[in-house]
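Residue-level listing of the chains:
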Amino acid sequence: MKIIKKILVALLIALVLIQFYRPEKNNAEYRDVAAFEAETKPSKEIVSVLENNCYDCHSNKTEYPWYAEVAPVSFWLHDHIEEGNEHFNVSKWETYTDKKKDHKLDELIEEVEEGEMPLDSYTWLHGSITEAEKEALISWAKKAREHYNFK
């Protein structure tokens, strides 16, 4: 029983100490999605879906919830955001070639169709995307792809 008590005290101390180390935040001065939106021309409805479900992890500006200040959640969120930006970052849209833009929109369609995006862990806390919103998002992305379609 003494060993369990010592382990619990050590874990508590570790939890307190980890609060003093913060991962770097993804917070540019503003959310630069203008080039992406100008080129892909999403409707107001689609912009709303993108803002509520995509831009936090797929742009250079994340709106952090209060619990992002608490470790180990802060580290978990940091990993999600970093990985999201590696795969698709709308703030870097201008740097992508037309072929890459087409590919990224194709991936967006595939991920949404398969229910992989937005992540379940995101929708648990932020609310889920409706089927109508999914269909509208897919339809918009398919239309936007026509500009880059090389097939």
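The rules behind the values
Residues numbered from 1 in each chain as written. Predicted model: local features only at pLDDT ≥ 70, side-chain atom pairs only at ≥ 80, totals over all residues. Heavy atoms only, no water. Patch = residues over 30% accessible without salt bridge, like charges linked within 9 Å, V, L, I, M, F, W, Y side chains within 5 Å. Areas by Shrake-Rupley, 256 points an atom, 1.4 Å probe, with all protein chains shown as cover. Salt bridge = Lys/Arg side-chain N within 4 Å of Asp/Glu carboxyl O. Lys, Arg positive; Asp, Glu negative; His and termini not counted. Charge placed at Lys NZ, Arg CZ, Asp CG, Glu CD. Helix = DSSP H or I, 4+ residues; strand = E, 2+ residues; numbered from the N terminus. Buried < 20%, exposed > 50% of the residue type's maximum accessible area, 1.4 Å probe, protein only. Expected span 1.5 Å × (residues − 1). Arc of directions from axis to C-beta. Axes fitted to C-alpha atoms, helices over the stretch in contact; angles between N-to-C directions. Parallel < 35°, antiparallel > 145°, perpendicular 65-115°, else oblique. Contact = heavy atoms within 4.5 Å. Nonpolar A, V, L, I, M, F, W, Y, C, P; charged D, E, K, R; others polar. Left-handed = near helix turned anticlockwise from the far one by under 90°.

Caption draft 1: Broad picture of a negative patch on the surface. Taken together, the side chains of Glu24, Asp79, Glu82, Glu83 and Glu86 present a region of like negative charge at the surface. Tracing the chain through its elements places Glu83 in helix H4 (residues 73–87). The exposure class assigned to Glu83 is partly exposed, which follows from its relative accessible area of 47%.

Caption draft 2: Spotlight on H4. Taking 1.5 Å of rise per residue, the 15 residues of H4 would be expected to cover 21 Å, and the 21 Å separating its terminal C-alpha atoms lies within 8% of that figure. Among the residues of H4, Ser74, Leu77, Ile81, Gly84 and Asn85 are the ones counted as buried. Down the axis, H4 shows its buried residues gathered within 95 degrees of arc, on one side only.

Caption draft 3: Broad picture of the packing of helix H3 (residues 44–53) against helix H7 (residues 131–145). Interhelical geometry of H3 versus H7 gives an angle of 110 degrees and a closest axis separation of 10 Å. Here H7 runs roughly perpendicular to H3, going by the angle between their axes. Within the contact between the two elements, H3 uses Glu45, Ile46, Val49 and Leu50 and H7 uses Glu133, Ala136, Leu137 and Trp140. Within the contact of H3 with H7, the residues separate by chemical class into six nonpolar, no polar and two charged.

Caption draft 4: Molecular detail of H3. Residues of H3 that are buried include every one of Ile46, Val47, Val49, Leu50 and Asn53, and no others. When H3 is viewed along its axis, its buried side chains cluster within an angular range of 160 degrees and face the same direction. Looking at the buried side of H3, the elements it contacts are helix H2 (34–40), helix H6 (120–126) and H7.

Caption draft 5: View of the packing of helix H5 (residues 98–113) against H7. It is at 9 Å that the axes of H5 and H7 come closest, and there the two elements cross at 160 degrees. Considering their axes alone, H5 and H7 lie roughly antiparallel with respect to each other. Between H5 and H7 the crossing geometry is left-handed. Residues Asp102, Leu105, Asp106, Leu108, Ile109, Val112 and Glu113 of H5 form the contact with H7, whose own contacting residues are Lys134, Leu137, Ile138, Trp140, Ala141, Lys142, Ala144 and Arg145. Tallied by class, the residues present in the contact of H5 with H7 amount to nine nonpolar, no polar and six charged.

Caption draft 6: Summary view of the environment of Leu15. By the secondary structure assignment, Leu15 is in helix H1 (residues 2–18). On the basis of relative accessible area, Leu15 is assigned to the partly exposed category, the value being 41%. Taking the C-alpha atoms as reference points, Leu15 and Glu114, separated by 99 residues in sequence, lie 37 Å from one another. Apart from residues no more than four positions distant in its own chain, Leu15 is found in contact with Ala71 and Pro72.

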